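Remarks on the overall topology
Spelled out from the first residue to the last, the chains are:
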Amino acid sequence: MQVSRLTKYQGLGHEYLVRIIYFSILLSTTAFFLAENGRANAFPTYLLAIGVLAYLVIKRPANASGLPGNVPLAGALVLILYLSVTTLWSDNRNITSLITYFGYGAIVGSFVIGMLLCYRRFPNFIPMLALAIFIAGTLSAGLSVFLFYEFPEYRFMPGSRMIALGRLSNPVIAADSYGFAIVLGLYILLQQVGIWRRLLIAMAITLLLYATVLTGSRAVWLAIAFAASVGVASRDMSYKYLAFGLVLVVFGAMALLVLDIDELTRRALSFRPEIWSEYTRRTITGNLWFGAGSSSDSSWPTSAYTFDHPHSIFVSVLYFGGVAGLVLIVSLYMRCLFELGRLPFSNLRSLALMSIVFGIILGMFDGDNPLTKIDFHWWMVWLPITFCICAVDGLEQQK
């Protein structure tokens, strides 16, 4: 009787913990678009980490299955652990930096595992998460556009580039975040059958696209174009390659029409090749194989401007984690694409493919060390990879 009662309480404990994890993920991701203070969307991730740890520590009931062992999940956890460990050989390593970056690793790892736990318990979790982020991004875009036009003092960026609300503290972060919301909106749109729902979602996507135009950022358009093309082509339909090409051309033409050609010419590649060359040179002359370490200073002062980071997820991982880190993240992305390529059609597979492609393309041109508390890097790395983990897990559960 006591064993039966204990099993019942353990089951209830797991149920409540998963619900806490569920709402912590929703709060942390949506608050990024709406909360001005970073603590508002970081605090739920601390609850998330505690909830995941408690879930894993409490002895499971006999009839509960454990976490599955799929390759993308293992790869993500290895990458997180490795980037945390690199702090041990950082130039400015100390107790504070060790606690900080191992703490980031714990938060990111908890997020990945927590997403999987919620997906296994609530089949509609990922569609709900996508919808919540899409709505939060749309609200942020609408309010930001309103402030941009109604209050001239809100335009404090050179060239009148829009800075958005929430944690979107510069035009690039705003564009990348809105771009991810657009990808989620397209995923939702492709599932709808009612004309009015499609129209409403299309209007919200249009608002997000317009807000992205006002940021003046450019790399995100390439990522959106490829993600949208992959999303359409990944549907269970004929003429996939034709659909891919047509959508890519449409979004490419749209980007050329809405972006200022003079601004494109003036800003060119925004010093990206020079930035990448500098950080690659530092890596080669420093610690080529294992990098400078996650807590090392990544600023590059020049006569014109001080660049704070390498402006590329891949160059950043090379700089902080060396060749070993770059191999890990590239292998993880490639394995995700391989796993998704062999899965049968599903809406989750489409979402995972779209977001992975979005993350890879955008990660080539923007980004810093992905080992950080929740910010826009998660749209490029951790959410897309976790969508893939969940898609693979779904197939494993059906076997």
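Two elements in contact, helix H3 (residues 71-85) and helix H12 (residues 313-341), have axes separated by 10 Å at closest approach and are oriented at 160 degrees. One element, H3, and the other, H12, form an angle in the roughly antiparallel class. Where H3 crosses over H12, the handedness of that crossing is left-handed. On H12, the residues that touch Val71, Pro72, Gly75, Ala76, Val78, Leu79 and Tyr82 of H3 are Gly321, Ala324, Gly325, Leu328, Ile329, Leu332, Arg335, Cys336 and Glu339.

Below, the discussion takes up the packing of aromatic side chains. Under the defined criterion, the tally for this structure stands at 19 aromatic pairs. Their ring planes at 85 degrees and their centres at 5.6 Å tell us that Phe32 and Trp379 sit as a pair that is edge-to-face. On the criterion of sequence distance, the pair formed by Phe32 in helix H1 (residues 2-34) and Trp379 in helix H14 (residues 377-380) is long-range, its members being 347 residues apart. Residue Trp379 is classed as buried on the basis of its relative accessible area, which comes to 1%. Joined through ring pairs, the aromatic side chains of Phe32, Phe33, Phe180, Phe358 and Trp379 make up one cluster.

There is a patch of nonpolar side chains on the surface, built from Leu34, Met128, Leu131, Ile135 and Leu139 and spanning about 420 Å² of accessible area. Element by element, the count of residues in the nonpolar patch is highest for helix H5 (residues 125-150), at four residues. By secondary structure assignment, the location of Leu34 is in helix H1. The class of Leu34 is partly exposed, set by a relative accessible area of 43%.

The subject of this paragraph is the packing of H3 against helix H4 (residues 95-121). Contact geometry of H3 with H4 gives a least axis separation of 8 Å together with a crossing angle of 170 degrees. The angle between H3 and H4 places the two elements in the roughly antiparallel class. Contact with H3, carried on its side by Leu73, Leu77, Ile80, Ser84 and Val85, involves Tyr101, Phe102, Gly105, Val108, Gly109, Val112, Ile113 and Leu116 of H4 and no other residues of that element. Residue composition of the contact of H3 with H4, by class: ten nonpolar, three polar and no charged.

In this section: the pattern of salt bridges. Any two side chains of opposite charge can pair if their charged atoms end up close together. Per the stated rule, a full pass over the model turns up eight salt bridges. Between Arg121 and Glu15 there is a salt bridge whose closest N-O contact spans 2.8 Å. Taken together, the residues span a long stretch of sequence, with Arg121 in helix H4 and Glu15 in helix H1 at a distance of 106 residues. Since its relative accessible area comes to 35%, Arg121 is described here as partly exposed. One salt bridge connects Arg335 with Glu339, and the closest N-O pair in it is separated by 2.8 Å. Residue Arg335 and its partner Glu339 are both found in helix H12; the two are separated by four residues, about one turn of the helix. In this structure Glu339 comes out as buried when scored by relative accessible area, which is 2%. When salt bridges that share partners are traced, they join Glu15, Arg19 and Arg121 into one network.

Notably, His311 is not glycine yet its phi reads approximately 60 degrees, a positive angle. As for its placement among the helices and strands, His311 is situated in the loop between strand E2 (306-307) and H12.

Here we take up the side chain of Thr29. Checked against the element boundaries, Thr29 lands in helix H1. Of note is the side chain of Thr29, whose polar atom sits 3.2 Å from the backbone oxygen of Leu26. Setting aside anything within four residues of it in sequence, one finds Thr29 in contact with Phe111, Leu129, Ile133, Ile374 and Trp379.

Below, the discussion takes up the state of the cysteines. Under the counting rule described, the total for this entry stands at zero disulfides. Of the cysteine sulfurs around Cys388, a residue in no disulfide, the closest is that of Cys336, at 3.4 Å. In this structure Cys388 comes out as buried when scored by relative accessible area, which is 0%. Looking at Cys390, it has no disulfide partner, and the nearest cysteine sulfur is the one in Cys118, 9.0 Å off.

The subject of this paragraph is the nonpolar core. If you look at the biggest cluster of nonpolar residues, it comprises 107 residues, and the most contacted ones within it are Ile25, Phe125, Tyr178, Phe358, Ile385 and Phe387. Listed in part, the eight residues of the second largest apolar core include Ile275, Tyr279, Trp300 and Tyr319.

What follows deals with the environment of Phe365. Within the fold, Phe365 resides in helix H13 (residues 347-365). The sequence separation of Phe365 and Phe314 amounts to 51 residues, and the corresponding C-alpha distance is 8.8 Å. Apart from the residues within four sequence positions on either side, Phe365 is in contact with Ala219, Leu222, Arg272, Trp276, His311 and Ser312.

Moving on, we get to H12. Its 29 residues give H12 an end-to-end C-alpha distance of only 23 Å, which falls more than 12% under 42 Å, the value for a rise of 1.5 Å per residue. The sharpest bend along H12 comes to roughly 135 degrees, located at Gly321. Here H12 starts with a cap whose side-chain oxygen sits 3.3 Å from the backbone nitrogen of Phe314, and that cap is Ser312.

Calculation notes
Residues numbered from 1 in each chain as written. Predicted model: local features only at pLDDT ≥ 70, side-chain atom pairs only at ≥ 80, totals over all residues. Heavy atoms only, no water. Axes fitted to C-alpha atoms, helices over the stretch in contact; angles between N-to-C directions. Helix = DSSP H or I, 4+ residues; strand = E, 2+ residues; numbered from the N terminus. Parallel < 35°, antiparallel > 145°, perpendicular 65-115°, else oblique. Left-handed = near helix turned anticlockwise from the far one by under 90°. Contact = heavy atoms within 4.5 Å. Phe/Tyr/Trp six-rings, centres within 6.5 Å; stacked < 30°, edge-to-face > 60°. Buried < 20%, exposed > 50% of the residue type's maximum accessible area, 1.4 Å probe, protein only. Patch = residues over 30% accessible without salt bridge, like charges linked within 9 Å, V, L, I, M, F, W, Y side chains within 5 Å. Areas by Shrake-Rupley, 256 points an atom, 1.4 Å probe, with all protein chains shown as cover. Salt bridge = Lys/Arg side-chain N within 4 Å of Asp/Glu carboxyl O. Nonpolar A, V, L, I, M, F, W, Y, C, P; charged D, E, K, R; others polar. Polar contact = N/O pair within 3.5 Å; in protein donor to acceptor, adjacent residues only side chain to side chain. Disulfide = S-S within 2.5 Å. Core = buried A, V, L, I, M, F, W, Y, C linked by side-chain atoms within 4.5 Å. Expected span 1.5 Å × (residues − 1). Bend = angle between axes of the 7 residues up to and from the residue.

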